[in-house]
Amino acid sequence: MENIINNLRIMSDKVGDFTLVYLYHKDIKVGKMEYRVERTRYQGDVKILTSYTFTPEFTELFKDIEAPIAKLSDYVRTILV
């Protein structure tokens, strides 16, 4: 997973309460993740993954990794803060 993340470039775009994240692996666009910002009284702004799409080639890199979407989403959320 670290090898994938080290070669990952992230670009984001805010649209209202949504944040669109575009993923590039080795300078090739490989996916998109969409986050919704939920405002709560006690936690403040919470980013919730609402949808994602990946190319089949990028998905193939995750075939032996447990819970790859959760790990990738955690990584993306740390960058978006």
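Computed from a predicted structure; not experimentally measured.

A. A look at the nonpolar core. Ranked by internal contacts, the top residues of the largest apolar core, which has 14 residues, are Val 21, Leu 23, Met 33, Phe 58, Leu 72 and Val 76. Listed by contribution, the elements that provide at least two residues to this core are β2 (18–25), β3 (28–40) and α3 (68–80). Those residues within four positions of Val 76 in sequence are excluded, and the remaining contacts are Ile 10, Val 21, Leu 23, Met 33 and Tyr 35.

B. Expanded view of the confidence of the model for the protein chain. When pLDDT is averaged along the protein chain, the result is 91, and 99% of the positions lie at 70 or above. Considering each helix and strand of the protein chain separately, the mean pLDDT is smallest for helix α1 (residues 2–6), with a value of 85, and largest for β2, with 94.

C. The sheet that holds β3, seen in detail. One open sheet accounts for 4 strands, arranged β1-β2-β3-β4; its pairing is antiparallel. Either end of the sheet is taken by a strand with one partner, and the two such strands are β1 (8–15) and β4 (44–54). Each neighbouring strand pair of the sheet contributes to a mean axis angle of 25°, computed without reference to strand direction. Across 8 bridges, β1 lies against β2 in antiparallel orientation.

D. Representation of the side chain of Thr 19 within the structure. As for its placement among the helices and strands, Thr 19 is situated in strand β2. Those residues within four positions of Thr 19 in sequence are excluded, and the remaining contacts are Ser 12, Asp 13, Lys 14, Met 33, Glu 34, Tyr 35, Val 37 and Leu 80.

E. How the structure looks around the environment of Thr 53. Residue placement: Thr 53 occurs in strand β4. The residues touching Thr 53, leaving out its near neighbours within four places in the chain, are Val 30, Gly 31 and Lys 32.

Each value, and the rule that gives it
By convention here, each chain's residues receive numbers from 1 onward along its written sequence. This being a predicted model, a pLDDT of at least 70 is required before a residue's local features are given, and a value of 80 or more before pairs of side-chain atoms are given or counted; all residues contribute to the totals for chains, interfaces and linings. Computation of side-chain values: all heavy atoms of the structure, hydrogens and water removed. For our purposes a nonpolar core is just a set of buried Ala, Val, Leu, Ile, Met, Phe, Trp, Tyr and Cys residues, chained together by side-chain atoms within 4.5 Å. Summary of the burial criterion: residues with accessible area below 20% of their type's maximum are buried, those above 50% are exposed, and those between are partly exposed, where the area comes from a 1.4 Å probe applied to protein chains only. Helix numbering and strand numbering both begin at the N terminus, where a helix is a DSSP run of H or I of at least 4 residues and a strand a DSSP run of E of at least 2. Only heavy atoms enter the contact rule, under which two residues are in contact if any of them lie within 4.5 Å. The score called pLDDT rates the predictor's confidence residue by residue, from a low of 0 to a high of 100. Here, a strand pair is defined by DSSP locating no fewer than two bridges between the strands. Lines fitted to the C-alpha atoms define the axes, with helices restricted to the stretch that makes contact. Angles between their N-to-C directions range from 0 to 180 degrees.

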